[in-house]
Amino acid sequence: MPKAKVLVKNNQTEVRIPVGIRMLIRRCCQAVLVAEHFPHNAEVSVSFVSNAEIQRLNRIYRHKDRPTDVLSFPLGQNGHYDVDQETGNALLGDVVISLETAVKQADMFGHSLEREIGFLTVHSMLHLLGYDHETTPLEERKMREKEEAVLAQLGISREETFIQSEENL
């Protein structure tokens, strides 16, 4: 079974990172590698940024001058990845998440921030492995099904949520 080395960096001050988020991100990355039968140990970088920073990156790399929830920067192409000579890990790329946008989306969709960050991480990992939901409706559907399957395996599917009523607290 492949192992994921996940480097998580907080490059923003707008949102406090909840306890357990770093572990959740690592679990999500690992689950995607297993689900996709990735044949090697891998390394990925995940950074939390502000809306202003993700907008800047979105403008530079996608020519869209607005904030977004997540950006993926794959290092591989057609299943071929550079390898870290010291560790032997395949270098998958970088994931950049706007925590400000993740908080807004979690509220908008009525689920927890943990569910939203889990979704964004799984979504980006699939991009790093070569999936692209923007090519055709069929590819979008395939990617969504893979995302939900991984999230269900982790116990954070669409039907399950971390939000609890005050009665359950």
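Look up a bit, the structure's there.
These numbers were taken from a predicted model, which means no experiment stands behind them.

Enquirer: I keep staring at the overall build of the chain and nothing clicks. Help me out?
Expert: On a plain count of helices and strands, the chain comes out with 5 helices and 4 strands. Expected size for 169 residues packed as a compact globule is a radius of gyration near 15 Å; at 16 Å, the chain falls within 12% of this value. Dimensions of the chain, computed from C-alpha atoms along their principal axes, come out at roughly 50 × 35 × 35 Å. Split into buried and exposed, the 169 residues of the chain put 46% on the buried side. If you sum the accessible surface of the chain, you get close to 9600 Å²; carbon and sulfur atoms cover 49% of it.

Enquirer: Please clarify how the sheet that holds strand β3 (residues 70-74) should be interpreted in this entry.
Expert: What holds strands together in a sheet is hydrogen bonding between their backbones, with the strands either parallel or antiparallel. Taken together, the 4 strands give an open sheet; going across it, the order is β1-β2-β4-β3, and neighbouring strands pair in mixed fashion. Unpaired on one side and paired on the other, β1 (4-10) and β3 mark the two borders of the sheet. Going across the sheet, the axis of each strand differs from the next one's by a mean of 15°, ignoring polarity. Both strand β2 (residues 42-49) and strand β4 (residues 90-98) contribute to a ladder of 8 bridges, which runs parallel. In the strand pairing of β4, V49 is matched with S98. The strands touched by helix α2 (residues 51-62) are β2, β3 and β4; relative to β3, the strand with the most contacts, the crossing angle is about 45°.

Enquirer: Before we go on, may I ask you to explain the pairing of β4 in this structure?
Expert: Put simply, side chains in a regular strand alternate between the two faces of the sheet. Counting buried positions along β4 gives 7 out of 9 residues, so the element sits mostly inside the fold. One ladder, built from 5 bridges, connects β3 with β4; its direction is antiparallel. Bridge pairing links V70 to I97 in β4.

Enquirer: Got a minute to help me understand the nonpolar core in this structure?
Expert: I25, F38, F48, L92 and M125 are the most contacted members of the largest nonpolar core, which has 40 residues in total. When residues of this core are traced back to their parent elements, those giving at least two are β1, α1 (21-35), β2, β4, α3 (99-109), α4 (113-128) and α5 (137-153). F38 has contacts with P2, L33, Y81, A90, L92 and L129, leaving out every residue within four places of it along the chain. Among the nonpolar cores identified, the runner-up in size contains 5 residues, and I54, L57, L71 and V96 belong to it.

Enquirer: Would you mind going over the packing of α4 against α5 with me for this structure?
Expert: A pair of packed helices is characterised by two quantities: the angle between their axes and the separation of those axes. For the pair α4 and α5, the least separation of the axes is 10 Å and the interaxial angle reads 130°. In terms of orientation, α4 and α5 fall into the oblique class. Of the two elements, α4 crosses α5, and the hand of that crossing is right-handed. Facing R115, G118, F119, V122, H123, L126 and H127 of α4, the residues of α5 in contact are M143, R144, K146, E147, E148, V150 and L151. Here the residues of the contact of α4 with α5 sort into 6 nonpolar, 3 polar and 5 charged.

Enquirer: Can you help me understand the packing of aromatic side chains in this one?
Expert: For any pair of aromatic rings, geometry is given as the distance between the ring centres together with the angle between the planes. For the structure shown, the criterion picks out 2 aromatic pairs. Taking the centre distance of 5.6 Å and the plane angle of 70° together, the rings of F38 and Y81 count as edge-to-face. Separated by 43 residues along the polypeptide, F38 in the loop between α1 and β2 and Y81 in the loop between β3 and β4 bring together distant segments of the chain. Ring centres 5.1 Å apart and planes at 75° place the aromatic pair Y61 and F73 in the edge-to-face group. With Y61 in helix α2 and F73 in strand β3, the pair connects residues that are 12 residues apart, well separated along the chain. Residue class for Y61 comes out exposed when judged on its relative accessible area of 53%.

Enquirer: I keep staring at the pattern of salt bridges and nothing clicks. Help me out?
Expert: Should the charged atoms of two oppositely charged side chains come close, the side chains can pair. Counted according to the given criterion, the structure contains 8 salt bridges. Put simply, K142 and E139 hold a salt bridge, and the shortest N to O gap is 3.3 Å. Remark: E139 and K142 occur in helix α5; sequence separation between them is 3 residues, near one turn of the helix. On the accessibility criterion, K142 (36% relative accessible area) is partly exposed.

The rules we used
Residues numbered from 1 in each chain as written. Predicted model: local features only at pLDDT ≥ 70, side-chain atom pairs only at ≥ 80, totals over all residues. Heavy atoms only, no water. Helix = DSSP H or I, 4+ residues; strand = E, 2+ residues; numbered from the N terminus. Rg over C-alpha atoms; globule rule 2.2 N^0.38 Å. Buried < 20%, exposed > 50% of the residue type's maximum accessible area, 1.4 Å probe, protein only. Areas by Shrake-Rupley, 256 points an atom, 1.4 Å probe, with all protein chains shown as cover. Pairing = 2+ DSSP bridges. Axes fitted to C-alpha atoms, helices over the stretch in contact; angles between N-to-C directions. Contact = heavy atoms within 4.5 Å. Core = buried A, V, L, I, M, F, W, Y, C linked by side-chain atoms within 4.5 Å. Parallel < 35°, antiparallel > 145°, perpendicular 65-115°, else oblique. Left-handed = near helix turned anticlockwise from the far one by under 90°. Nonpolar A, V, L, I, M, F, W, Y, C, P; charged D, E, K, R; others polar. Phe/Tyr/Trp six-rings, centres within 6.5 Å; stacked < 30°, edge-to-face > 60°. Salt bridge = Lys/Arg side-chain N within 4 Å of Asp/Glu carboxyl O.

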